[in-house]
Amino acid sequence: FFGNYSVEWTQAHPENRHSSVRDYSGIELLHFCVDELADRARRGYAVSDPIRDCTVPRHPSSPFIAYKGCRIFDGPRDVIFELIGISHLSDYEGRPLSSSELSLRALLCGKATNFWSRTEHLKFMYSQLMTLAKCESKGFSISDSACRVCKYADEYENLRHLLLDCKEPQIIDARRRFIFSVNQTVKHYATHISSHCRIKNAFKLVSGSSIRFLMYDDPLPVGMHVIEEQTFLLLTARWNDEIIQWFSSLVHEENVVLLLRSILFSLRRLLWHPVWK
């Protein structure tokens with residue numbers, strides 16, 4: 001919910017389903033108009049600010065964008081990051097994000113086919129799924145916080161447990177398929193055999209079930225808590241610069257974006273979806 005408004009998904013692009021605008025529903029007409037306005041603004045047809053430019057009429061007919069109650073007339077491309085909310089992710093992280101960190105999150109969140117998928121992605125990234133731990137933090141009365149999936153009494157049901165350590169056979173299998181997919185992706189884009197060895201040694205199934213990402217050559221001095229935290233950041237797509245640089249070093253520069261996009265796709269399809277199902 002946003003203020004006094006609620007969000008409802010409706011199918012877009014009515015022009016692909018109707019032969020005439022006369023056949024559009026009221027909602028479809030609004031979709032059509034908004035798409036036209038956005039397209040004209042994207043192509044630079046927005047007008048100057050009439051308040052600052054006295055030569056422009058007070059009621060221009062050209063489209064403009066309004067954001068947070070303020071009119072945005074010039075350079076709509078300059079405010080795209082604000083409009084799609086990527087830059088607001090720093091508020092969730094609790095720290096400023098670098099350009100590479102923002103770009104990677106945009107790869108994950110900005111290309112989904114619909115807003116439902118984008119919302120689900122963000123819920124995974126920032127642990128907003130209603131696990132028992134999240135329900136308890138919201139004030140719901142929870143009699144037993146043990147994982148409902150693997151049924152282990154000592155395992156607290158939160159997203160970290162589900163992604164990293166849950167012993168449900170289907171989730172363990174999802175981890176194996178994710179690791180295999182990442183290895184194959186690196187093998188496809190990397191040209192050096194050393195990259196194949198590095199990625200193969202980086203992902204481990206500890207005791208045949210728990211997944212860990214060993215980014216360091218000598219992980220023992222780092223400590224298992226650091227390895228667990230890096231693994232959780234990796235599996236929730238909240239990669240820091242260190243993780244991004246590590247994966248980027250596996251391939252040539254021209255293949256970095258292709259590699260990262262493929263890994264994020266595997267993360268969503270092979271791990272997130274099975275875990276939440």
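To keep things clear, this report deals only with the structure shown in the data block. (Residues numbered from 1 in each chain as written. Predicted model: local features only at pLDDT ≥ 70, side-chain atom pairs only at ≥ 80, totals over all residues. Heavy atoms only, no water.)

Moving on, we get to the overall build of the chain. Along its length, the chain carries twelve helices and four strands. Relative to its 277 residues, the chain shows a buried fraction of 37%. Considering only intrachain contacts with a sequence separation of at least 6, the fraction spanning at least 24 residues in the chain is 49%. (Helix = DSSP H or I, 4+ residues; strand = E, 2+ residues; numbered from the N terminus. Buried < 20%, exposed > 50% of the residue type's maximum accessible area, 1.4 Å probe, protein only. Contact = heavy atoms within 4.5 Å.)

Let us look at unusual backbone geometry. Among all residues save glycine, negative phi is the norm, and among peptide bonds the norm is trans. Positive phi, normally seen in glycine, also occurs at S207, with a value near 55°. The topology assignment puts S207 in the loop between β3 (203-206) and β4 (210-213). Of note, A237 is a non-glycine position whose phi angle comes to about 65°, a positive value.

With that out of the way, let us pick up the pattern of salt bridges. All chains considered together, the criterion is met by eight salt bridges. Taking the shortest distance from any N to any O, the salt bridge between E28 and R17 comes out at 2.7 Å. Taken as a pair, E28 in helix α1 (residues 26-42) and R17 in the segment before α1 lie far apart in primary sequence, eleven residues in all. Residues R160 and E228 are paired through a salt bridge, measuring 3.7 Å at the closest nitrogen-oxygen approach. Linking R160 in helix α7 (residues 159-165) with E228 in helix α10 (residues 224-235), this pair joins segments that are 68 residues apart in sequence. Relative accessible area serves as the criterion here: at 25%, E228 is assigned to the partly exposed category. Residues participating in the shared-partner salt-bridge network are R160, D165, R212, E228 and E229. (Salt bridge = Lys/Arg side-chain N within 4 Å of Asp/Glu carboxyl O.)

Right, let's get into the packing of helix α8 (residues 169-189) against helix α9 (residues 193-202). To characterise two packed helices, one gives the angle between the axes of the helices and the distance between these axes. Viewed as axis vectors pointing N to C, α8 and α9 meet at an angle of 165°, and their least axial separation amounts to 9 Å. With respect to α9, the element α8 is oriented roughly antiparallel. In this structure, α8 meets α9 at a crossing whose hand is right-handed. Together, V182, N183, V186 and K187 of α8 and S195, H196, I199 and K200 of α9 make up the contact between the two elements. Taken together, the residues of the contact of α8 with α9 sort by class into three nonpolar, three polar and two charged. (Axes fitted to C-alpha atoms, helices over the stretch in contact; angles between N-to-C directions. Parallel < 35°, antiparallel > 145°, perpendicular 65-115°, else oblique. Left-handed = near helix turned anticlockwise from the far one by under 90°. Nonpolar A, V, L, I, M, F, W, Y, C, P; charged D, E, K, R; others polar.)

Here is the key point about a regular strand: its side chains alternate between the two faces of the sheet. In this sheet, β4 lies alongside β3 in antiparallel orientation, the contact comprising four bridges. Bridge pairing in β4 places L205 opposite I211. (Pairing = 2+ DSSP bridges.)

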